[in-house]
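Below are the chains, spelled out letter by letter.
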Amino acid sequence: MGSEVIGAMGLGLLLILMILRVPVALTMLIVGVVGFAQIISWDAAVAQLKTVPVEVLSNYSFSAVPMFILMGVLAAHSGMAGKLFDSTRIICGGWKGGLAIAAVGSCGIFSAISGSSLATASTMTRVALPEMERYGYNRGLATGALAAGGTLGIMIPPSIALLIYAILTEQSVGDMFMAGLIPGLLGLVMYSLTITVVMYLRPSLAVAGEPTAWKEKLLSLTGLVPFFGVFLVMILGIYFGAFTPTEGASVGAFATLLYALVKGMRGAQLWHSVQETLALSAVVFFMLVGAETLGYFISVSRISFSITDLLYGMDLTPIVVVLCILALYFVLGMFMDSIAMLVITVPVVYPIIQAMGIDPVWFGVLTVLTVELGLMTPPVGMNVFVIKAMAPHVGLGEIFKGVAPFVVSDLIRLALLIAFPILSTLFLL
């Protein structure tokens, strides 16, 4: 049996195990080890099983992951998120749909130091949803805005998804962060415009908030200072070479910790934050170990090269290849977690991207944005289920209906990024 056939059978087994609800990390590990053993030998597979976890856990670049997670956890538990929403709510005071725009804005700003979509969605739902319900907002619109705003965490740097893509493809983490900046901010603007359009078409879904004076709006900007302070220190430090992305993550985590201590976070709260960070980090690292193991199997099976040869034989242009891969991501996003999708598929598709001469940074941004779409689409939109868990009184159907306009907005944004690659590469020129 040829290695390509074994590779194809391995990918088929991967899908079957995931359908059977076997944990994604364990699925990748099983398929990677068994597949590698069938092509090389069991001795080599067992040796790999001993070395891969050490390689991943001792990789200095991966140490940024728990730092970014710690930033988000500390920001959520120290009261930063509450002050953030209060500030954006006052700034948007008096606008039709202003609370929904404030929620999206808060999600975008919070994600700038959280790096995680799920953390952003859960934190801001806890803070913003009760306020929107108090003002009589349609529950579909309120939860849809929060589900969409939460996805900004996967694109606006520092993004764990961009970090993992960069490490898996050996790209510069700093380049990936800078490439995600304009697309992330564009998403924030387009979501706000989407709410404005929805308000124009269906004004009954929300009411105007309480008007606020300009002096009050200016004073409320103080609530944004901690976020912009941490964000600017990290991004400018990375951009100008003052420190590496990994060092930047540590600087950001330390700055957030100082804020938490100043605001009175002590003992039990700090310990709870550390425990939450360790638990979330363990999940990510287990998936990375599984992905690395699966990557070795895919490499020796040469299935990526076979797919590349097939595409060459079909005489497809690079842009058509990109569109086909993005269509695959869009479908997978309906069933899989975003990080799991990246670690499973990137080792398969990246050699194809390299062979076709496609810019890996631009493709990475497109990939992460398409993965972001999967966080909102049925049947398994992870952000939707997070919000459902935070607001059990709101039906899943209501949330998916409320998020539909934002899915359209993201499809338009994806089309813009495909048509104008400079939106992703402007800061890299």
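Definitions and cut-offs
Residues numbered from 1 in each chain as written. Predicted model: local features only at pLDDT ≥ 70, side-chain atom pairs only at ≥ 80, totals over all residues. Heavy atoms only, no water. Axes fitted to C-alpha atoms, helices over the stretch in contact; angles between N-to-C directions. Helix = DSSP H or I, 4+ residues; strand = E, 2+ residues; numbered from the N terminus. Parallel < 35°, antiparallel > 145°, perpendicular 65-115°, else oblique. Left-handed = near helix turned anticlockwise from the far one by under 90°. Contact = heavy atoms within 4.5 Å. Nonpolar A, V, L, I, M, F, W, Y, C, P; charged D, E, K, R; others polar. Patch = residues over 30% accessible without salt bridge, like charges linked within 9 Å, V, L, I, M, F, W, Y side chains within 5 Å. Areas by Shrake-Rupley, 256 points an atom, 1.4 Å probe, with all protein chains shown as cover. Salt bridge = Lys/Arg side-chain N within 4 Å of Asp/Glu carboxyl O. Expected span 1.5 Å × (residues − 1). Buried < 20%, exposed > 50% of the residue type's maximum accessible area, 1.4 Å probe, protein only.

1. As for the packing of helix 9 (residues 160–169) against helix 10 (residues 173–201)
- Viewed as axis vectors pointing N to C, helix 9 and helix 10 meet at an angle of 140°, and their least axial separation amounts to 9 Å. Between helix 9 and helix 10, the crossing angle belongs to the class labelled oblique. The handedness of the crossing between helix 9 and helix 10 comes out as right-handed. Where helix 9 abuts helix 10, its residues Leu162, Leu163, Tyr165 and Ala166 lie against Val173, Met176, Phe177 and Gly180.
- When its residues are assigned to classes, the contact of helix 9 with helix 10 shows seven nonpolar, one polar and no charged.

2. Description of a nonpolar patch on the surface
- Taken together, the side chains of Phe228, Leu232, Leu236, Tyr239, Phe240, Val408, Ile412, Leu416, Phe420, Ile422, Leu426 and Phe427 make up a nonpolar region of the molecular surface, amounting to roughly 1100 Å² of accessible area.
- Where the nonpolar patch is concerned, the elements lending two or more residues are helix 12 (225–239) and helix 20 (396–419).
- Mapped onto the elements of the fold, Leu426 is located in the segment after helix 21 (422–425).

3. Considering helix 5 (residues 80–91)
- Taking 1.5 Å of rise per residue, the twelve residues of helix 5 would be expected to cover 16 Å, and the 17 Å separating its terminal C-alpha atoms lies within 8% of that figure.
- If you check which residues of helix 5 are buried, you get Met80, Ala81, Leu84, Phe85, Ser87, Thr88 and Ile90.
- In the core, the buried residues of helix 5 are packed alongside helix 4 (64–77), helix 6 (98–114), helix 7 (117–134), helix 11 (214–220), helix 12 and helix 13 (245–262).

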